[in-house]
Amino acid sequence: MVDTRPSMPVYFMDIAMKVRERADCLGNKVGAVLVRQDRVISTGYNGTPEDVKNCTDGGCQRCRRRQEFGSGKGYDLCICVHAEQNALLSAARFGIFVEGAIIYTTLKPCFNCLKEMAQAKIAAVYYLHDWKHPDPEFQQQYDILENRIPGGVKYLSLDDPKKEWAVSKRELDLKDAEAR
C-alpha cells in the first residue's frame, strides 16, 4: 500500500494556514503551529490581546495609521501579538514545555519573534512566505539569531491558495523583485 499522506512539514504548515484564518491584522495574516515530538502543542495567529478591540475595528494605532509607518517600523506602537509569540505564550500559559519544539509559520519570523524563539530554545523553524527587514543594515543581527536555531530557519515550498489575502502587498512585491 502506498502512503499518500503529506510529509510532516507539509501537514503542519497546512494547519498553520488554517490557523491564520483567525488573524485580525490589516497587514500580514499569519498562523503558527508549535510542534513537539510530531504533536501540535500550541497554535497562534496575529491579532490584538484578548478582550482588546481588533485591528479591523481600529484597535491598533499602527494598523489604523499604516501610511505613517514604513514596513518593519513602529512595532513599539503596535498592540498586536504576532502568531509565533501567541503560540509560545499560549504554551507558557498552559504550562507546556517548548524547548526543542519546531515552529511552522506562514511568514518568516520578524526579528523579535526570532529572538524569542532562540531564547525559548526552539529547535527549528519552517516558514511559507519570506520576510525581510526593510533595513538591510540589520540583516547581520538577524543572521546571528538564525544561527541560534539548531535546525535552522527553512523555507517550505508549498502552494498557498490564500496568498493574496494573507500576505501584504509589500512582501509580495519583494518576492517578485527577487524573482526577476
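Details of the structure are given in the entry above.
Residue positions are given per chain, counted from 1 along the sequence in the order it is written. It should be noted that, the model being predicted, local features are given only for residues of pLDDT at least 70 and side-chain atom pairs only at 80 or more, the latter also being counted only at that level, while totals for whole chains, interfaces and linings use all residues. As a convention, hydrogens and water are excluded, and side-chain values are obtained from all of the structure's heavy atoms.

Describing helix α3 (residues 83-93)
Rules: Each residue's exposure class comes from its accessible area (1.4 Å probe, protein chains only) as a fraction of the maximum for that residue type: buried when under 20%, exposed when over 50%, partly exposed otherwise. Runs of E in the DSSP output that reach at least two residues are strands. Runs of H or I that reach at least four are helices, and both are numbered from the N terminus. Contact definition: two residues touch when any of their heavy atoms are within 4.5 Å.
Considered for burial, the residues of α3 that qualify are Ala83, Glu84, Gln85, Ala87, Leu88 and Ala91. Residues of α3 that are buried sit in contact with β1 (31-36), β2 (39-45), β3 (102-107) and α4 (111-119). Positive phi shows up at Gly95, right after α3, with a value of about 70°.

Observations concerning the pairing of β2
In the case of a regular strand, side chains alternate between the two sheet surfaces. Let me state the cut-off plainly: Here, strands pair whenever DSSP counts at least two bridges between them.
Pairing geometry for β1 and β2, over 6 bridges, is antiparallel. Looking across to β2, one finds that Arg36 is bridged to Arg39. Count of turn residues in the β1/β2 antiparallel hairpin: 2 residues, of which Gln37 carries a positive phi of about 50°.

What to know about the environment of Arg64
Here Arg64 is to be found in helix α2 (residues 61-64). Residues Arg64 and Cys78, 14 residues apart in the sequence, show an inter-C-alpha distance of 9.9 Å. What Arg64 contacts, discounting residues up to four positions off in sequence, is Leu26 and Gly58.

Comments concerning the pattern of salt bridges
Test applied: Only one rule defines a salt bridge in this text: a Lys or Arg side-chain nitrogen within 4 Å of an Asp or Glu carboxyl oxygen.
According to the stated counting rule, one finds 6 salt bridges in the structure shown. Notably, a salt bridge pairs Lys108 with Glu146, separated by 3.1 Å at the nearest N-O pair. In this pair, Lys108 is assigned in the loop between β3 and α4 and Glu146 in helix α5 (residues 139-146), connecting sequence segments 38 residues apart. The two residues Lys108 and Glu146 agree in class, both being buried. One network of salt bridges, with partners in common, ties together Lys18, Glu21 and Lys162.

Here we look at the side chain of Asp160
To be explicit about the condition: Throughout this description, a polar contact denotes any pair of N or O atoms lying within 3.5 Å of each other; where both atoms belong to protein, one of them has to be capable of donating a hydrogen while the other can accept it, and for residues adjacent in sequence the pair is counted only when both atoms sit in side chains.
Topologically, Asp160 is positioned in the loop between β5 (153-155) and α6 (163-166). You can call Asp160 buried: its relative accessible area is 7%. Of the polar contacts made by the side chain of Asp160, one reaches the side chain of His129; its length is 2.6 Å. Within the structure, Asp160 has its side chain in polar contact with the backbone nitrogen of Lys162 (distance 3.0 Å). Excluding anything up to four places from it in sequence, Asp160 contacts Met17, Arg20, Leu128 and His129.

Let's talk about helix α1 (residues 8-19)
Counted only if it meets this: Any helix carries an expected span of 1.5 Å times its number of residues minus one.
Helix length check: α1, at 12 residues, gives a terminal C-alpha distance of 17 Å against a target of 16 Å (1.5 Å per residue), a fit within 8%. Looking at α1, one finds that the buried residues are Pro9, Val10, Phe12, Met13, Ala16, Met17 and Val19. For α1, the secondary structure elements touched by its buried residues are β1, β2, β3 and β4 (124-129).

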